[in-house]
Amino acid sequence: MLIFQMFFIGGVLIFGIHYFFLFLLQSKNKTALIFAVFCFVTALRSLVWGETPLMILQPNASLDLRMYMNYLTGYNYVAIVILFVYSIFPFEFNKKILGLILVPSLAFDVLLLSTSPEYMTFKTNYLYILLILQMLYIMGVLMKAVLRKRDNGALMFIAICVLIWAMNEDIINFILIGNINLTYMFLFGNLAVIMAMSYVQARQQATTYKKLILYNEKLLEADKLKDKIMATEMSFLQAQIKPHFLYNALSAIANVCEKDGKAAGKLIIDLAIYLRGSLGFNNLDKMTTIDKELEFVDTYFHIEQARFGQKIQLQKEIEVLLDAQIPVLILQPLVENAVRHGISKKPGGGTVLVRMKQIAENIYMEIEDDGVGISSEELAVILSESRPDQGVGLLNIHNRLLKLYGRGLEISSVSGRTCVRLWIPGVMKQ
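The structure presented is a predicted model; accordingly, all values stated were derived computationally and were not measured.

Caption draft 1: Seen up close, the packing of helix α12 (residues 290–308) against helix α13 (residues 331–341). Packing of α12 against α13 leaves a shortest axis separation of 9 Å and a crossing angle of 30 degrees. Compared by their axis directions, α12 and α13 come out roughly parallel. Crossing angle aside, the handedness with which α12 passes α13 is right-handed. Each of Glu293, Leu294, Phe296, Val297, Tyr300, Phe301 and Glu304 in α12 lies in contact with α13, whose residues at this interface are Leu331, Gln332, Val335, Glu336 and Val339. Across the contact of α12 with α13, the residue classes break down as eight nonpolar, one polar and three charged.

Caption draft 2: Seen up close, a nonpolar patch on the surface. Together, Leu13, Ile17, Phe20, Phe21 and Leu24 make up a nonpolar patch on the protein surface, roughly 450 Å² of accessible area in all. Looking at the secondary structure, you find isoleucine 17 in helix α1 (residues 2–25).

Caption draft 3: Spotlight on the packing of helix α4 (residues 63–88) against helix α5 (residues 95–114). Contact geometry for α4 and α5: axes closest at 10 Å, N-to-C directions at 165 degrees. Classified by the angle between their axes, α4 and α5 sit roughly antiparallel to one another. The two elements α4 and α5 cross, and the hand of that crossing is left-handed. On α5, the residues touching Tyr68, Tyr71, Leu72, Tyr75, Asn76, Ala79, Ile82, Leu83 and Tyr86 of α4 are Lys95, Leu98, Ile101, Leu102, Ser105, Phe108, Asp109 and Leu112. Grouping the constituent residues of the contact of α4 with α5 by class yields 13 nonpolar, two polar and two charged.

Caption draft 4: Structural detail: the environment of lysine 311. Mapped onto the elements, lysine 311 comes out in the loop between α12 and β2 (312–319). Note: C-alpha distance between lysine 311 and isoleucine 343 (32 residues apart in sequence) is 8.5 Å. Residues in contact with lysine 311, not counting those within four places in the same chain, are Ser344, Lys346, Pro347, Gly348, Gly349 and Gly350.

Caption draft 5: Examining unusual backbone geometry more closely. Although it is not a glycine, lysine 149 sits at a positive phi angle of roughly 60 degrees. Looking at where lysine 149 falls in the secondary structure, it is placed in the loop between α7 (124–147) and α8 (153–174). In this structure, serine 415 takes a positive phi of about 50 degrees despite not being glycine. Position of serine 415 relative to the elements: it lies in the loop between β6 (410–414) and β7 (417–424).

Reading the values: the criteria
Residues numbered from 1 in each chain as written. Predicted model: local features only at pLDDT ≥ 70, side-chain atom pairs only at ≥ 80, totals over all residues. Heavy atoms only, no water. Axes fitted to C-alpha atoms, helices over the stretch in contact; angles between N-to-C directions. Helix = DSSP H or I, 4+ residues; strand = E, 2+ residues; numbered from the N terminus. Parallel < 35°, antiparallel > 145°, perpendicular 65-115°, else oblique. Left-handed = near helix turned anticlockwise from the far one by under 90°. Contact = heavy atoms within 4.5 Å. Nonpolar A, V, L, I, M, F, W, Y, C, P; charged D, E, K, R; others polar. Patch = residues over 30% accessible without salt bridge, like charges linked within 9 Å, V, L, I, M, F, W, Y side chains within 5 Å. Areas by Shrake-Rupley, 256 points an atom, 1.4 Å probe, with all protein chains shown as cover. Salt bridge = Lys/Arg side-chain N within 4 Å of Asp/Glu carboxyl O.

If you want it as C-alpha cells, here you go:
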C-alpha cells in the first residue's frame, strides 16, 4: 500500500505543477490556481498519513513538523474545495455566508502558527464542527447548482460526496477508531475528487478552445464578407463613374469627329485608356503609383476638354516621387468632382490645381478649383451619408481613407475657391 501511496503523491504533485503553470500562462484562470493549491495540500497531507511516507523520505522529521503539516492541511482542506467550487459556480454562493464559513479556517491557521501543535490538539473538536458546517454548506451549494442545471454541477456534486466520505475516513483514522484497510480509502476518495476536478478543468479548456475556433471561423467569415463588400463597393464605384461620363464623352467625340478625325481618334484612345484604368481595379485596397494616377487624370481631362474646350484647365505642382504608392481611384474622382461641381458650372470656366508635397514621411495632396464654390450650409453636410448626390466622388473616398488611415478628406471653400486636402501616411496599410 505504501507504493500506491507514493504513486498517489507523485501523481497529485504532477497535477498541481501542471495547473500552476497553466495559471501562470493564463493569469485570469483562478480555477487553475486553486486546483493547483488543492493538489499541493493533498500531497502534503498524504505525506503524514497512513504509512507516513515522510518518515521514509525524512527519517529525522520531528513530531512537531508532522503535527504542523497534519493540522495545517486539515484546517484548510475543505476551505480550498469551497474556493474551487466558488470559482466554477460563483452565482450559487452568498458572499457574506461564504466569508463566515471561510474565516474560521484562517483563525485556526493563525492560532496554530502562534501556539504549539500540542495546544491545538485540544481544539480538534471545534475543528470537526467547522468541517461539518463547511461540508453541509458546500453540499447545499452544489445541490443548488444541480437543480439549476449548471455545467458540471452533477459531476462536482458526486465528487464532493466522495470527498466528504473520504474526509470522514480521515477523521476516523485521526481519532484512532478506524482500521487501516478502511482508512486507506481516503486515498481512493481523494483520487476520485482530483480526477473529477481535473475533468472540469479540461472541459473548461476544451470549451474555451472551441469558442476560440468558432471565433476564428467568424473572423474568417467576416474577412470574406469584407472582401465581398469591397468588391461590391468597387463595382458600385465603377458603375457610378461610367454611365454619365461615357454618355458625355461619346457625345463630345461625335462632335469632334465632324471637325477633326485625327483629334477624334486620339480622344477614342484616351477614352479606351480611361476605361481600362477605371475597370482594371477589382479591389479598393489596391495601391498604384502617383505616376499612373496622374496619367489617369490626364486622360480624363483630355476628354472633358473635348466638351468644354479651353474654358477648363488643369495645373499640377508635383513635388513627390512619381513611384510613390497611393490607393487606387483617389485622385481622379476628386478632379472629376472639381470639374463637374466647380469649374464647369462657372460661366467663364476655371482651373483645377493638383498639388502634392512630401511632408516628413507623409504625402500631402490638395485638389483646388476656382469654380462656383460651396456654401457654408452645403459644406457642413458635404461628407454626410444623407448626401447621395455626391455619389462616389467625395463620400466614398472619405470613407476609404478613414478605413485605411484613420483620417479622411478635409474640405474648405472660401470666395469661390474650393480645396480638398488629404494625407497619405508613409507607412501604408496593406
